[in-house]
Structure formats: structure tokens, C-alpha cells
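Listed here are the chains, written in short residue letters.
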Amino acid sequence: MVLAIGHRLAIKLLQIAPLPAPPDDRRLATRVFGLNFLNPIGIAAGFDKHAEIPDALMRAGFGFVEVGTVTPLPQPGNPRPRLFRLDADQAVINRLGFNSEGADAVLRRLAARAQARVKAGGIVGINVGANKDATDRVADYVRLIEKFAPVASYVTVNISSPNTPGLRDMQQAGVLDDLLARVIDARERVTKDAGPTPVLLKIAPDLSLADLDDVVGIARARRVDGLIVGNTTVTRPVSLRDAQSSEAGGLSGRPLLPLADRMLAETYVRVEGVFPLVGAGGIHSGASALGKIRAGASLIQVYSGLVFRGLDLIGEIKRTIVAALERDGAQNFADYVGADAASATAEPWPDEFTRA
Ligand SMILES: Cc1cc2nc3c(=O)[nH]c(=O)nc-3n(C[C@H](O)[C@H](O)[C@H](O)COP(=O)(O)O)c2cc1C
């Protein structure tokens, strides 16, 4: 159990005693936004916020690691308590508020790693966010792209954390268009020779479908390399039972799955294959991981599921996908991507979510 023992301790243990995972089945390998993944299972942003253990996580069996969120300047985040385990619901509520050691500290770690040529051995993306007190948030993202595009496998622009007041408003059309224009421009400037580092946008599962139309339209027009769908939700499903479920913050884990899958499918049908999607939210089993792929994810990410299931979850997901491939006589899991998206969007909206 990775996180049952506490997050700091889990990080320490992974640093000193990584258990290497067995090699992956070749049918799990995939090429997405120009990068070669040994398997499609990533660890979502927020676990290794300061890029302390990306290689230990890769050895544990992940196909990619997303470090961050990192902000330009160090900042402490919100006062404690700010992290709540909802055991009765297999869910987590967090209002960490981008506690970050800041870009320079994280850049030093990633640059050392890149120099040691470890970079070739694993896909490590970085998730970036604006400082809480930034006067020009778009400028924060531009600075972060300039710093990290040369050393990271990809960069995720995170405008969907619910714990930095006003951040999610950057998903509105006018702001988003300006942000993406400047971010993509910065990326072109700093990675001209090496080939462009993919830039992804991470969105909230709480967008209205009208807002999602806008976001997808702008992402397509500005040629982002992919979308991550998505972050934690500020809604609270009526099914929650845990006494801590009314804490403020973003909800993740098993109860998020129906909303996250629906938003992923809605995004998939709007994107029309122009760029790939990363699916996150509520994966707690092999079946839910395969469901996420069928809803439209070319890659998937987990976080809260690890809190309750530990690293065994990664092996279970791989076994479930390989068993499905055997059963269907299929050559690669990518055959399943989006297979259920169209039918999912025709279902009634998952009614246990009160839409924000
Ligand atoms: C404790 C915690 C911290 C998180 N921190 C971040 C973060 O810094 N940046 C980010 O983009 N997402 C963050 N997330 C969201 C996750 O990356 C993920 O999108 C979300 O939890 C849904 O996946 P899950 O249900 O598998 O946890 C955090 C989630 C948790 C539980």
C-alpha cells in the first residue's frame, strides 16, 4: 500500500527501494504525440510534484510520469489540513493549492536527469501552473514553457485546478485562445532545433458542454498536441458516504469515474482524431482502466487509485488489457481507443452529479 503509509514516506521508500516491474507485453506499447511509450499507464500530476522520484516511478511499472504541478516561484500552498481520505468512498479531496518548490529547484532535477541521459529511458512530462499571486498568469505559463520544454518529454498546461482561485476561468474562450497562442509560440521559440516538445492542456471535468465545444475548438485551432481529461471535480456525487465529503477542494477517486469517463467521451467525439487524449479520473481497477481507453483515452493516468490499491493496481491494469487482447485476438490495445465514445455520449448524463 503506497500511500496508506503516508505520502512523504512513500516517496522516501520509492527512492531507496524500487521494485523493478517485469517487462511489458509488446501489445501495450504505443506511440502518442511522437513519443514511444512501453505501456499507456501514467502517474498523474500531484504525486511527484517536485520531480523527486520520476525514475523510481518508471521502474515501478509506469509507462510515463507527469511531475508537478510546478509554479514559477516557490509557494507553500494552502494551510493544513488540506488533504482528506474518504475511505468509505475510495475517494480523496484535496485543496493543496499548488504547494511547489518552484521552477528552479525542479528544473535542476530534470536537467541533471536529462544530462545523465536517463531521459531516453523514460517519458517524464511536467505539469505547470501559475503562482497564486501572479499579476499576469499567462506570462507565468510562458516562462514555464520556456524553462521546461527543453528538458521535459512533454509539458502540460494546467488551468483546471480548483484550488487556485480564478484559475479555472482561464478555460474561457478569450483567455484560453490568448494563453494557447502565447504558449505554443514560446514552445516553438525554445525547441526549434530539437523538435517541438508536445504541449498538452489539462481540463476540468466540470466544464459545461458548451464550454467544452469552445475549449476543443480553440485547442484544435491553436494546434495543441493533446488534452488531459481531466482534473478533480468540485461537484459532489450524492452517493458519497464519508463524513469528510463536504470538505472543500477537488474530489478524485472512484466516485469521479462516471463523470470523468463521460467528459472524456464528449471530448473524444469533438476532437475527431485530430490529437490524442489522456484519460484521468476514477481508475480503480483493470476494468475501469480499459473502460477509460474505450471512452477515448490513448493514454491513462492514475493517482487516487494508488492510495487505496497500491502499486499492485498497475499490474492488474496491464493484465486486464492483455487478457482482453487475447480474448479478442487483437494486436494492440490502441484498437480499443474510443470504441465506446459515441455510444457513451448517447446515454443519459450520469445523474448522481450535480453540475456546477
Ligand atoms: C492529492 C492530489 C494532488 C493533486 N495535485 C495535482 C496537481 O498538482 N496538478 C494537477 O494537474 N492535478 C493534480 N491532481 C489531480 C490528479 O492529477 C488527477 O487529475 C485526479 O486526481 C483524477 O485522477 P484520480 O481519480 O485517479 O485521482 C491531484 C490529485 C490529488 C488526489
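What counts as what
Residues numbered from 1 in each chain as written. Predicted model: local features only at pLDDT ≥ 70, side-chain atom pairs only at ≥ 80, totals over all residues. Heavy atoms only, no water. Phe/Tyr/Trp six-rings, centres within 6.5 Å; stacked < 30°, edge-to-face > 60°. Helix = DSSP H or I, 4+ residues; strand = E, 2+ residues; numbered from the N terminus. Polar contact = N/O pair within 3.5 Å; in protein donor to acceptor, adjacent residues only side chain to side chain. Contact = heavy atoms within 4.5 Å. Pairing = 2+ DSSP bridges. Axes fitted to C-alpha atoms, helices over the stretch in contact; angles between N-to-C directions. Buried < 20%, exposed > 50% of the residue type's maximum accessible area, 1.4 Å probe, protein only. Right-handed = clockwise from strand over helix to strand, strands pointing away.

Draft legend 1. Looking closely at the packing of aromatic side chains. Tallied over the entire structure, the rule returns 5 aromatic pairs. A centroid spacing of 5.8 Å and a plane angle of 80° characterise the contact between F47 and Y303, whose relative ring orientation is edge-to-face. Of this pair, F47 sits in the loop between β3 (41–43) and α2 (54–59) while Y303 sits in the loop between β13 (299–302) and α9 (304–309), and the two are 256 residues apart along the sequence.

Draft legend 2. Examining the side chain of R270 more closely. Positionally, R270 belongs in helix α7 (residues 257–271). One polar contact links R270 to E266, side chain to side chain, over a distance of 2.9 Å. Beyond its immediate sequence surroundings of up to four residues, R270 is in contact with L209, L212, D213, V216 and R220.

Draft legend 3. Geometry of the sheet that holds strand β5 (residues 83–86). Judged by pairing direction, the sheet is antiparallel, and its 3 strands sit side by side in the order β5-β6-β11 without closing on themselves. Each end of this open sheet is capped by a strand with a single partner; those strands are β5 and β11 (250–253). Between one strand axis and the next, the sheet turns through 20° on average, direction left out of account. Where strand β6 (residues 91–94) lies against β11, 4 bridges are found, and the strand directions are antiparallel. Its bridge partner lying in β11, I93 is registered against L251.

Draft legend 4. Structural detail: the pairing of strand β8 (residues 155–158). Burial along β8 is two-sided: the residues V155 and V157 and T156 and N158 are all buried. As paired elements, strand β7 (residues 123–128) and β8 share 3 bridges and run parallel to each other. When the bridges of β8 are listed, V128 appears paired with V157. After leaving β7, the chain enters helix α4 (residues 137–148) and then returns to the sheet as β8, a path that is right-handed. Here β8 pairs with strand β9 (residues 199–203) via 4 bridges, running parallel. By the bridge assignment, V157 is partnered in β9 with L201. In this fold, β8 hands off to helix α5 (residues 173–190), which returns the chain to β9; that crossover is right-handed.

Draft legend 5. Structural view of unusual backbone geometry. Each neighbour pair has its own omega, and for G68 with T69 the value is 10°, a cis peptide bond. With respect to the helices, strands and loops of the structure, T69 is situated in strand β4 (residues 64–70). At the junction of R80 and P81, the peptide bond is cis and its omega measures out at -5° in the coordinates. As for its position among the elements, P81 is in the loop between β4 and β5. Although it is not a glycine, A51 adopts a positive phi angle of roughly 60°. Mapped onto the secondary structure, A51 falls in the loop between β3 and α2. One non-glycine residue with positive phi stands out, namely F98, at about 55°. As for its placement among the helices and strands, F98 is situated in the loop between β6 and α3 (103–115). Judged by its relative accessible area of 4%, F98 falls in the buried class.

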